[in-house]
Amino acid sequence: MSQRGARGALAYLRPYFANHQREYILGAGSVILYVALFAAGPPLFGWALSAVLQGLGTEVILGRVAWFVLVALASACVRFFSRTFLFNTARSIEYELRNDLFVHLQKLPQAFYFDWPTGDLMSRCVNDLNSIRLMLGVGIVNILQAPFLYLASIAVMISLNPTLTLLSLTPFPLFILLARGFGRVNHAANLAVQEGLGRLSNQVQESISGIALVKAYAMEGATQRKFESATESLYRRHVRLVRVSSAIPTMARLLPGLTMWIVLWFGGRAVQGGQMDVAEFFVFALYIHQLTFPTVIIGWVFAIVQRGTASIERIQEVLDTEPSIKSRIGASSPAAFSGEIAFQNLNFSYTGEEKSLVLKDINLDVPAGSVLGITGPVGSGKTTLVSLIPRLFKVSDGMVSLDGVDLNEWDLSDLRKNIAMVPQDPFLFSMSVADNISYGSPNSGMEEISRAASAARLMGDIDELPRRFATVVGERGVMLSGGQRQRTALARALALRRPILILDDTLSAVDSQTESAIQGELGSLYKGKTVIVVSHRVSSLKDADQIIVLIDGAISEQGVHDELAAGGGWYSRMVRAQALEDEIQLLDGAGGEVSDG
Ligand code: ADP
């Protein structure tokens, strides 16, 4: 990471540091106090030792030893306090960052999620925030402490014996370099293990959720082989990590050995020559011993800081993505609401390029309280058109308006509070049926939930579930059929009781009898409200006040059922084809009865 990058990343955290200024000042204070106590340890030991060597008597010796023990104890306590304090602050910042990130993610439009893989976003929310926490905790403590630790120790050592200080510290720059190298290798090995774990868990998750497909295509063998190769790769990565990380303690033992040799060699001669006393010699030895651990972990700390700053940049990348769809400053909403929707000269493309227009020159008025039916071939833009009403995508060419006000002028949350949309592929959360139905209206009581379920013709199915409304559905619960999922999603939309209802091919997996019963319910529930129905079924469309046929993104037919059915266009062909299908089904049914009879 470049220095500018590191500085930029830290500048990004400034508001979070500012929130915890008090904790950091106290933390820094405790680190400095720890350093002072750390540096005082060896001279106190030397002081006690010289009392022994000079035969000053038990009382004096015990008094000096007590001072040494007291300072050692105080140093341990302050060390514990400074670590707990700063590590907890790092956890608080991680918590705040994670919440801010999630708030931001929720503001980003659907289009953002098409571009960013879910796994990547999850890894940013979990792994990157962990790395930032490590940097703010362990990283900051050691970075704050290391210079003071060296300066204080070297100062005392120089005051005792400048030449020996110089000699015994000669290998330290080499240690730092070595430790840095080891830190890097260790960090890379650690990352490789993380990556391997990520790949393995992805594979397990995919194989389990796609188990039906694995079995249907008899792919167990191939899946097993893929899994084995991922496990083997993870095993190799683990072995490498163990090898690298066991080298660090080895180095931690070897290095002081080398320095100690210098101290013994030169210090011993100084003691023999009478230039240094034995106690001073021990003070030196103790300093060298004490400095070993902070020196060895410097490499690791460098790696933590490097990874942490890279993670801040990755988080920053998400946080800096401006929500392209948001309420304009000063956006307001009309006081009274009627529900008229209008599209004017609307052109739309997902990529923003003119040549890939998904909707072309749409001009359409949906009067308040009317039902609009939309049909057309797959991929003709039906879902796109209805998704523009709650502003799931940004309109930049032409206008969509609600009650005569451009959607871009509406306050976004007010706009969406007026609309209930049931998407093509309904999503159920892993929670109870009741909670799934009241998802958008958490204050709904059981009575409202049952009413919505009954309007969506779901009560019969719920009665058969083991714990009725309390049955957990979705990934970790009972699996519902396609039609049941669609009707649960419909009940969820109905429980919202919003003035505009959009059904995007919602009843495609529901049989025609249930469908017509639901239509009856909707007719009375939504009388006088605006309803938009996207469907391929004539039965769902025929009673609409207005039907449009979208072909290749443009309106190719528009009118009521009778007009379009007689018009000789796409709609009339669909009507004929479905009438033929119905006849064949009837004949099949009759044939079945004859043979059964
Ligand atoms: P329909 O609902 O009529 O089946 P859609 O509105 O889903 O049609 O899709 C219309 C066209 O837009 C299709 O060509 C489809 O591939 C494309 N499309 C749909 N969603 C996206 C998207 N998120 N990004 C890019 N293209 C899309």
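This text follows the structure it describes.
Report follows, based on the coordinates. (Residues numbered from 1 in each chain as written. Predicted model: local features only at pLDDT ≥ 70, side-chain atom pairs only at ≥ 80, totals over all residues. Heavy atoms only, no water.)

**So, the overall build of the protein chain**
For step 1, the next point in the chain: Summing up its helical and strand segments, the protein chain has 22 helices and 10 strands in all.
For step 2, the next point in the chain: Along the first, second and third principal axes, the C-alpha atoms of the protein chain reach 120 × 60 × 50 Å.
For step 3, the next point in the chain: Here the protein chain holds 597 residues, and 41% of them are scored as buried.
For step 4, the next point in the chain: Counting contacts in the protein chain only where the partners sit at least 6 residues apart, residues at least 24 apart contribute 76% of the total.
For step 5, the next point in the chain: Carbon and sulfur atoms form 60% of the exposed surface of the protein chain, whose accessible area is close to 31,600 Å².
For step 6, the next point in the chain: Placing the 51 positive and 55 negative side-chain charges of the protein chain at their respective mean positions leaves the two points 13 Å apart. (Helix = DSSP H or I, 4+ residues; strand = E, 2+ residues; numbered from the N terminus. Buried < 20%, exposed > 50% of the residue type's maximum accessible area, 1.4 Å probe, protein only. Contact = heavy atoms within 4.5 Å. Areas by Shrake-Rupley, 256 points an atom, 1.4 Å probe, with all protein chains shown as cover. Lys, Arg positive; Asp, Glu negative; His and termini not counted. Charge placed at Lys NZ, Arg CZ, Asp CG, Glu CD.)

**Thoughts on the sheet that holds strand E9 (residues 546-551)**
For step 1, the next point in the chain: Across the sheet, which stays open at both edges, the six strands sit in the order E6-E7-E8-E3-E9-E10 with mixed pairing between neighbours. Edge strands, defined here as strands with exactly one partner in the open sheet, are strand E6 (419-422) and strand E10 (554-559). Sheet twist, expressed as the average angle between the axes of neighbouring strands with direction ignored, equals 15°.
For step 2, the next point in the chain: As paired elements, strand E3 (residues 371-375) and strand E8 (residues 530-534) share four bridges and run parallel to each other. Counterpart to Ile 374 in the pairing with E8 is Val 534.
For step 3, the next point in the chain: The sheet strands contacting helix H18 (residues 482-496) are E6 and strand E7 (500-504), and the helix crosses E6 at an angle near 175°. (Pairing = 2+ DSSP bridges. Axes fitted to C-alpha atoms, helices over the stretch in contact; angles between N-to-C directions.)

**Side note on the site of the ligand**
For step 1, the next point in the chain: If you check the shell around the ligand, you find Phe 114, Tyr 350, Val 358, Pro 377, Val 378, Gly 379, Ser 380, Gly 381, Lys 382, Thr 383 and Thr 384 and nothing else.
For step 2, the next point in the chain: In this structure, Gly 381 approaches the ligand through a main-chain N or O atom, which is 3.0 Å from an oxygen atom.
For step 3, the next point in the chain: At 2.8 Å, a side-chain N or O of Thr 383 approaches an oxygen atom of the ligand.
For step 4, the next point in the chain: Contact with the protein chains removes 63% of the 560 Å² of surface that the ligand exposes when unbound.
For step 5, the next point in the chain: Looking at the shell around the ligand residue by residue, the class counts come to five nonpolar, five polar and one charged. (Near = heavy atom within 4 Å. Polar contact = N/O pair within 3.5 Å; in protein donor to acceptor, adjacent residues only side chain to side chain. Nonpolar A, V, L, I, M, F, W, Y, C, P; charged D, E, K, R; others polar.)

**Some remarks on the nonpolar core**
Generally speaking, nonpolar side chains in soluble globular proteins are found buried as a group.
For step 1, the next point in the chain: In this structure, Leu 97, Leu 136 and Val 318 are the most contacted members of the largest nonpolar core, which totals 57 residues.
For step 2, the next point in the chain: With 13 residues, helix H6 (residues 118-160) is the largest single contributor of residues to this core.
For step 3, the next point in the chain: Excluding anything up to four places from it in sequence, Leu 136 contacts Leu 13, Phe 17, Tyr 24, Ala 90 and Ile 93.
For step 4, the next point in the chain: By size, the runner-up hydrophobic cluster in this structure holds 32 residues, among which are Ile 449, Ala 452, Ala 455 and Ala 495. (Core = buried A, V, L, I, M, F, W, Y, C linked by side-chain atoms within 4.5 Å.)

**A few points about the packing of H6 against helix H7 (residues 162-169)**
For step 1, the next point in the chain: Here H6 crosses H7 at 135°, and the two axes come no closer than 6 Å. As summarised for this structure, H6 and H7 are arranged oblique, according to the angle between their axes. Contact residues: H6 offers Ile 154, Met 157, Ile 158 and Leu 160, while H7 offers Pro 162, Thr 165, Ser 168 and Leu 169. (Parallel < 35°, antiparallel > 145°, perpendicular 65-115°, else oblique.)

**Structural notes on the packing of H6 against helix H11 (residues 278-296)**
For step 1, the next point in the chain: Packing of H6 against H11 leaves a shortest axis separation of 11 Å and a crossing angle of 165°. Between H6 and H11, the crossing angle belongs to the class labelled roughly antiparallel. Along this stretch, H6 crosses H11, giving a crossing that reads as left-handed. The segment H6 lies against H11, with Leu 149, Tyr 150, Ser 153, Val 156, Met 157 and Leu 160 engaging Glu 280, Val 283, Phe 284, Tyr 287, Ile 288, Leu 291, Pro 294 and Thr 295.
For step 2, the next point in the chain: Its residues placed into classes, the contact of H6 with H11 shows 11 nonpolar, two polar and one charged. (Left-handed = near helix turned anticlockwise from the far one by under 90°.)

**A closer look at unusual backbone geometry**
For step 1, the next point in the chain: Even without glycine at this site, Ala 218 takes up a positive phi of about 50°.
For step 2, the next point in the chain: Along the chain, Ala 218 turns up in the loop between helix H9 (211-216) and helix H10 (220-272).
For step 3, the next point in the chain: In the Ramachandran plot, Asp 361 falls in the positive-phi region, its phi being about 45° despite a non-glycine side chain.

**A word on the side chain of Ser 30**
For step 1, the next point in the chain: Structurally, Ser 30 can be placed in helix H3 (residues 21-53).
For step 2, the next point in the chain: With residues near it in sequence (within four places) discarded, Ser 30 still touches Val 78, Phe 81 and Ser 82.

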